[in-house]
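The residues making up each chain are set out below.
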There are 2 protein chains.
Amino acid sequence: MPTAQVPAGYRILDPKSLLALIGDLNDVRALIAGRPEEWQVREVGDGNLNLVFIVEGPRGSICVKQALPYVRAAGPSWPMALDRAFFENSYYRAVAPYVGELIPKVYHYDAELYCTVMERLSPHIILRHGLIAGRRYPNLARDMGQFVARSCFFTSDCAQPFEHKFDGISLFAGNKALIRISVDLIFTDPYLVSERNRHTSPQLDDVVSDFRCDGPLKVAAAQFGQKFLSQTQALLHGDLHTGSVMVTDSDTRVIDPEFAFYGPIGFDLGAFFGNLMLNWYSQPGHATPRDDRAAHQEWLLEQAKIFWTTFRSSFLALWSEHAQGDAFPAAMFSSPGDAPALKSARSAFVDSLFADMLGFSACKMIRRIVGFAHVADFDGIQDAPLRGDCEAGALAMARLLLTHPEQFHSIDDVLGAVPRSGR
Amino acid sequence: MPTAQVPAGYRILDPKSLLALIGDLNDVRALIAGRPEEWQVREVGDGNLNLVFIVEGPRGSICVKQALPYVRAAGPSWPMALDRAFFENSYYRAVAPYVGELIPKVYHYDAELYCTVMERLSPHIILRHGLIAGRRYPNLARDMGQFVARSCFFTSDCAQPFEHKFDGISLFAGNKALIRISVDLIFTDPYLVSERNRHTSPQLDDVVSDFRCDGPLKVAAAQFGQKFLSQTQALLHGDLHTGSVMVTDSDTRVIDPEFAFYGPIGFDLGAFFGNLMLNWYSQPGHATPRDDRAAHQEWLLEQAKIFWTTFRSSFLALWSEHAQGDAFPAAMFSSPGDAPALKSARSAFVDSLFADMLGFSACKMIRRIVGFAHVADFDGIQDAPLRGDCEAGALAMARLLLTHPEQFHSIDDVLGAVPRSGR
């Protein structure tokens, strides 16, 4: 059984060594105030891969995230590349100029310890938990549409000379350990019989075995898998589900970009969109006598629409203002007569992202129901037959998106289909 | 005016230092035989960027290619990254296991001198010159179809786990100086008024100014330019025109892969295909009273067809036998019922390469007629009005390919259109 190899200089932080580390960072000390001996340290990580500490002092608090060299749930027998912390930090740095207000502030990155000292988001909660609880966030969809538009536009060939993008591609192509996880868990395993998979059984047994011998469905998923690996449109977050977003009533922050790499923009769009859909399909499982969640479902569909339309209009607006890249070079389209053709070409490009969003969202929905890593939206439904019904609705929708993309030309086409397949 | 910066250890080779270098390579010495003092050294480079020496001795001869730190025609005032020699060597090494018999043998690469000691190809000549002279090469089209199929298939996600490809992407993303040349000279400058451009004037003045205000044409070219920068389907040669192929009656060798990078497979296909087309359109300019070149044109069209059909059948055959990559993972399609869907998906992928081949070939044709670097096929036609006629035919065909791709579903659609637009 392999055990994790760690580089010299790496050690797993404990409260004592953590305080020593922070005590040396003058800016952070000033922010927390007081003396390290007075600070309170709590380990709050609930994910699979990292330690997360909160350090609190008289005036403020910070968050410290350290990569572990193995999968936390499995222990040292399942090693996991530490350098994901490096890629996470690299992503934050790359997109901060464009979406700085939508990510946490990073105070310090320690390359030897693979640990990031960053803003503590408080009183933020994980968006997924808020949506499961039926809460609404008025700025969320617009913030997220802006986030994807800005982070992707400014790292794409639309905005930058390709040399800058190629430097980024070269760097992030190293994030292979985490990309391997995406390749296997999103695009392969769900369509196979694999020990890593699970599903609500026996309720979904038939539909799952049906999926695994549905040639056209598997082909469609595989085509998106191929696109995932062979398009370098922009720097992606790489795991932009509702568990990677922290919110208050008015603030939205994107976290955990450790899966970052250069890929197809539709993959980030689809992650968020697909997870809104998953939450929609899970709502009957969270209904109470006082709230059947129908109004929350309506709200969710509105947010899905706002997310897409904000992305679309923001991306196109940025392109009008900042066309400094090698894609459709501004100098080639400088005569007034070029404007209509250029405008329609840009629209066509964004339309292709819409189609990609739907396909990738479907892949994401499927993997969360029949693959290894599930979502609390469904897992929190104790009643298995009810959970199975909710999940079956989401699977039906995902299958339709993958096998009949010609039915979905606009966001309204999608939203119109949701209740039909889900109820 | 900038002058070329060269790394420590680099020096421009002359016959004396060249002999000292080779004299230290035991294998190469044995191949040439005799003593260095007896060897004959000739500098034969006729390109813009490199020194090329032939070293001959009693038993054999070798070729030495050294990158110069500037554009040879312009001198030290136009610097040019030396590391293209490194990327050329890296390409040869990467594809040698798959197409070893279609590239020169590489005996030695000197990382400090940016120079490659390789097989001397003799009595080979540059394919372009042979085609201009109206010669025929019975194996050429099949060899080149095989070359692109094998070099691209085995470096793609069809054949390899993505980790290997991502390592390659990371490496070749460094070849920015030469990729910049392609971006500017192929996808941008031809559609602008630029000092670097030239065309047969005044014969083509109208058509060229017409091109530069043709919105849909420019959009189509720009879409292929965007694809060039954002698809990493396979490791490409990057400059696969008929000047990068050396031939005898029976042997075919691909040389000069210094533009290598991970890009869309259609770019390599289109380079070769487009240059066959250029040669076709140039033939009236090379007709003699004894030979109107009509038969040679027929032969060229047959070769274009054999090139594509060989590529297509080879790529699909390789995919049936060596599906060890992450694209369409074999394990996902292992049940007998999957076969039809998988087969049709693979065909659809190859069809997409056909469409890309046509689009990229059109971009290549245009840049060779209205851009910076022209081809001997046309430049060798002294009679300007005749040359202009030939070039106008090629431009019309290229424009049709870019603006009406829906007319070209099969190779026969293309070949049927060639004579109509060219005569």
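Residues numbered from 1 in each chain as written. Chains lettered and ligands numbered in written order. Predicted model: local features only at pLDDT ≥ 70, side-chain atom pairs only at ≥ 80, totals over all residues.

1. Overview of the overall build of chain A
The helix and strand inventory of chain A stands at 15 helices and 10 strands. Against the globule reference of 22 Å for 423 residues, chain A gives a C-alpha radius of gyration of 22 Å, in line with a compact fold. If you line up chain A on its principal axes, its C-alpha atoms span 65 × 60 × 45 Å. The buried share of chain A, reckoned over its 423 residues, is 50%. (Helix = DSSP H or I, 4+ residues; strand = E, 2+ residues; numbered from the N terminus. Rg over C-alpha atoms; globule rule 2.2 N^0.38 Å. Buried ≥ 20, exposed ≤ 12 C-beta atoms within 10 Å, placed from the backbone.)

2. So, the sheet that holds strand S6 (residues 125–126) of chain A
If you walk across this open sheet you meet the three strands as S6-S8-S9 (chain A), and the pairing is antiparallel. Every other strand in the sheet has two partners, leaving S6 and strand S9 (252–254) of chain A as the edge strands with one partner each. (Pairing = 2+ DSSP bridges.)

3. Remarks on unusual backbone geometry
In this structure, proline 123 of chain A follows serine 122 of chain A across a cis peptide bond, with omega equal to 10°. Positionally, proline 123 of chain A belongs in the loop between strand S5 (115–119) and S6. Following serine 201 of chain A, the chain continues into proline 202 of chain A via a peptide bond in cis, with omega recorded as 5°. For aspartate 256 of chain B, which is not glycine, the phi torsion reads 60° and is therefore positive. Considering the arrangement of structural elements, one finds aspartate 256 of chain B in the loop between strand S9 (252–254) and strand S10 (261–263).

4. Overview of the domain arrangement of chain A
All names here are of chain A. According to the domain assignment, chain A contains domain 1 (15–119) and domain 2 (125–422). A straight line from the C-alpha centre of domain 1 to that of domain 2 covers 27 Å. Tallying the contact residues gives 16 residues for domain 1 and 22 residues for domain 2. Of the residues that constitute the side of domain 1 that touches domain 2, the class distribution is 12 nonpolar, one polar and three charged. (Domains from an automatic or database assignment. Contact = placed C-beta atoms within 7 Å. Nonpolar A, V, L, I, M, F, W, Y, C, P; charged D, E, K, R; others polar.)

5. Quick notes on the sheet that holds strand S4 (residues 106–110) of chain B
All names here are of chain B. Overall, antiparallel pairing links the five strands, which are arranged S1-S2-S3-S5-S4 in an open sheet. Across the chains shown, the open sheet's two edge strands, defined by having one partner strand only, are strand S1 (40–43) and S4. Taking each pair of neighbouring strands and ignoring which way they run, the sheet shows an average axis angle of 20°. Note: S1 against strand S2 (residues 50–56), four bridges, orientation antiparallel. (Axes fitted to C-alpha atoms, helices over the stretch in contact; angles between N-to-C directions.)

6. Looking at the relation of the copies chain B and chain A
In the superposition of chain B on chain A (RMSD 0.0 Å, axial shift 0.0 Å), the rotation amounts to 180°. A rotation of that kind, with that shift, is consistent with a two-fold axis. Ranked by how close their C-alpha atoms come to the rotation axis, the residues of chain B are headed by serine 170 of chain B, at 1.9 Å. With an isologous cut-off of 70% or more, the 100% of interface residues of chain B that recur at the interface of chain A puts this contact in the isologous class. (Least-squares fit on C-alpha atoms with pLDDT ≥ 70 in both.)

7. Some remarks on the pairing of S4 of chain B
Relative to strand S5 (residues 115–119) of chain B, S4 of chain B runs antiparallel, the two being bridged by four bridges. Of the residues in S5 of chain B, the one forming a bridge with tyrosine 109 of chain B is threonine 116 of chain B.

8. Some details on the packing of helix H10 (residues 265–282) of chain A against helix H12 (residues 339–370) of chain A
Residues and elements named next belong to chain A. Orientation of H10 relative to H12, taken along the N-to-C sense of each, is 55°, at an axis distance of 7 Å. Here H10 lies oblique to H12, going by the angle between them. Crossing hand, H10 versus H12: right-handed. Across the interface between the two elements, Ile265, Gly266, Phe267, Leu269, Gly270, Ala271, Phe273, Gly274, Asn275, Met277 and Leu278 of H10 pack against Leu353, Asp356, Met357, Gly359, Phe360, Ser361, Ala362, Lys364, Met365 and Arg368 of H12. Counted by class, the contact of H10 with H12 contains 12 nonpolar, six polar and three charged residues. (Parallel < 35°, antiparallel > 145°, perpendicular 65-115°, else oblique. Left-handed = near helix turned anticlockwise from the far one by under 90°.)

9. Description of helix H9 (residues 215–230) of chain A
With 16 residues, H9 of chain A extends 22 Å between its outermost C-alpha atoms, agreeing within 8% with the 22 Å of an ideal straight helix rising 1.5 Å per residue. Where burial is concerned, most of H9 of chain A is hidden: 13 out of the 16 residues are buried. (Expected span 1.5 Å × (residues − 1).)

10. Looking at the environment of tyrosine 281 of chain A
Residues and elements named next belong to chain A. Take tyrosine 281: it is sitting in helix H10. Its 28 C-beta neighbours within 10 Å are what place tyrosine 281 among the buried residues. With 74 residues separating them along the chain, tyrosine 281 and valine 207 place their C-alpha atoms 16 Å apart.

11. So, the confidence of the model for chain A
Here chain A averages 95 in pLDDT, and 98% of its residues register 70 or above. Confidence estimates for the predicted assembly give a pTM of 0.96 and an ipTM of 0.95. (pLDDT = per-residue confidence, 0-100.)

12. Regarding the interface of chain B and chain A
Of the residues lining the interface, 43 residues belong to chain B; the matching set on chain A comes to 43 residues. For the side of chain B that touches chain A, the elements supplying multiple residues, two or more each, are helix H6 (162–172), helix H7 (176–187), helix H9 (215–230) and helix H12 (339–370) of chain B. Here the side of chain B that touches chain A is composed, by residue class, of 23 nonpolar, 13 polar and seven charged.

13. Digging into the environment of serine 320 of chain B
Residues and elements named next belong to chain B. Residue position: serine 320 is located in helix H11 (residues 294–321). For serine 320, a count of 10 C-beta atoms within 10 Å gives the class exposed. Placed 10 residues apart in sequence, serine 320 and alanine 330 show a C-alpha to C-alpha distance of 9.7 Å.

14. Some details on the nonpolar core
Ranked by size, the top nonpolar core spans 218 residues in total, and within it Ala394 of chain A together with Ala394 of chain B carry the most contacts. Apart from the residues within four sequence positions on either side, alanine 394 of chain B is in contact with Met277, Leu278, Tyr281, Met365 and Ile369 of chain B. (Core = buried A, V, L, I, M, F, W, Y, C linked by C-beta atoms within 7 Å.)

15. Overview of the environment of arginine 135 of chain B
Residue position: arginine 135 of chain B is located in the loop between helix H4 (127–132) and helix H5 (140–154). Placed 100 residues apart in sequence, arginine 135 of chain B and leucine 235 of chain B show a C-alpha to C-alpha distance of 31 Å.

16. Section: H7 of chain B
Helix length check: H7 of chain B, at 12 residues, gives a terminal C-alpha distance of 15 Å against a target of 16 Å (1.5 Å per residue), a fit within 8%. Where H7 of chain B is concerned, the buried positions are Lys176, Leu178, Ile179, Ser182, Val183, Ile186 and Phe187 of chain B. Projected onto a plane normal to the axis of H7 of chain B, the buried residues spread over an arc of 165° and lie on a single side. Those residues of H7 of chain B that are buried lie in contact with helix H6 (162–172) of chain A together with helix H3 (84–99), H9, S10 and H12 of chain B. (Arc of directions from axis to C-beta.)

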